[in-house]
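Summary of the model geometry
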Amino acid sequence: MATTADFKNGLCLEYNNGLYTIVEFQHVKPGKGPAFVRTKLKSLTTGKVVENTFSAGHKITTARIERRPHQFLYKDDLGYHFMDSNTFEQAVVDEDLIENTGLIKDGQEVDILYHAEAEKIIGLELPAFVELVITYTEPGIKGDTATNATKPATLETGAEIQVPLFINEGDKIKIDTRTNSYSERVKE
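Nothing here was measured: the structure is a model prediction, and the numbers come from that model.

Description of the nonpolar core
Membership of the largest hydrophobic core comes to 26 residues, with the highest contact counts inside it found for Phe82, Ile112, Leu124, Leu155, Val163, Ile173 and Ile175. Elements represented by at least two residues in this core include exactly β8 (79–84), β9 (90–93), β10 (109–115), β11 (120–125), β12 (129–137), β13 (150–155), β14 (160–164) and β15 (172–176). Residues contacting Ile175, with those up to four places away along its chain left out, are Leu103, Ala128, Phe129, Val130, Leu132, Leu155, Ile161, Asn180, Ser181 and Ser183. Formed by eleven residues, the second largest nonpolar core is a distinct cluster that contains Phe7, Leu11, Ile22 and Leu41.

Overview of the environment of Leu44
Mapped onto the fold, Leu44 is located in the loop between β4 (36–43) and β5 (49–55). Counting along the chain gives 32 residues from Leu44 to Asp76, while the straight-line C-alpha distance between them is 24 Å. With sequence-adjacent residues up to four places away left out, Leu44 is seen in contact with Cys12, Leu19, Tyr20, Thr21, Ile65 and Ile122.

Let's talk about the pattern of salt bridges
This structure, assessed with the given rule, holds seven salt bridges. A salt bridge links Arg64 to Glu66, with the shortest nitrogen-to-oxygen separation between them at 3.1 Å. For Arg64, a relative accessible area of 49% corresponds to the partly exposed category. Overall, the relative accessible area of 26% leaves Glu66 in the partly exposed class. One salt bridge in this structure joins Asp176 and Arg178, with 3.1 Å as the shortest N-O distance. Arg178 sits in the exposed class, given a relative accessible area of 58%.

Focus: the pairing of strand β6 (residues 59–62)
Pairing of strand β1 (residues 2–3) with β6 involves two bridges; the strand directions are antiparallel. Across the sheet, Ala2 pairs through a bridge with Ile60, a residue of β6. Inspection of the sheet shows strand β2 (residues 12–15) paired to β6 by two bridges, in the antiparallel sense. Looking at β6, one finds that Glu14 is bridged to Thr61.

What counts as what
Residues numbered from 1 in each chain as written. Predicted model: local features only at pLDDT ≥ 70, side-chain atom pairs only at ≥ 80, totals over all residues. Heavy atoms only, no water. Core = buried A, V, L, I, M, F, W, Y, C linked by side-chain atoms within 4.5 Å. Buried < 20%, exposed > 50% of the residue type's maximum accessible area, 1.4 Å probe, protein only. Helix = DSSP H or I, 4+ residues; strand = E, 2+ residues; numbered from the N terminus. Contact = heavy atoms within 4.5 Å. Salt bridge = Lys/Arg side-chain N within 4 Å of Asp/Glu carboxyl O. Pairing = 2+ DSSP bridges.

This is the structure:
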């Protein structure tokens, strides 16, 4: 058990029969009346963000979340298959729990989030940036660069993103997995 004094961003707690993580919180002490804590909570199962107000000193139940390193093996009808990097056990993750599935390639290292008490997979985190090769893109035409012009490009995983005009087929690029956007070209 913890209280509102223990709140910090990223803390996982059990609330309304679900697991939530604190995205933002603010301790408010009005001139009149008792103090309270205004929070934004993100559901770990649905991804929804809800706002809630706790009275100061309110007791909450914290949840233990573990991040375990895994390596992507393959995808089939059951979902995405990963191997634990420490124990070599395989885990199957449902596609609904993964954001940006188009950025996962064979051998990719990821962190799978487990609810420690229930030993249940609740999510998957890709690294902040991944490096992928462009398999197809239209050639950029000289003189088209008036302002940040982009063009569609297909990656080795089959995903499609927008890239600047100077990027060519066969280039290796760095992609931000949080925004699913081009970051920079990788020098080889």
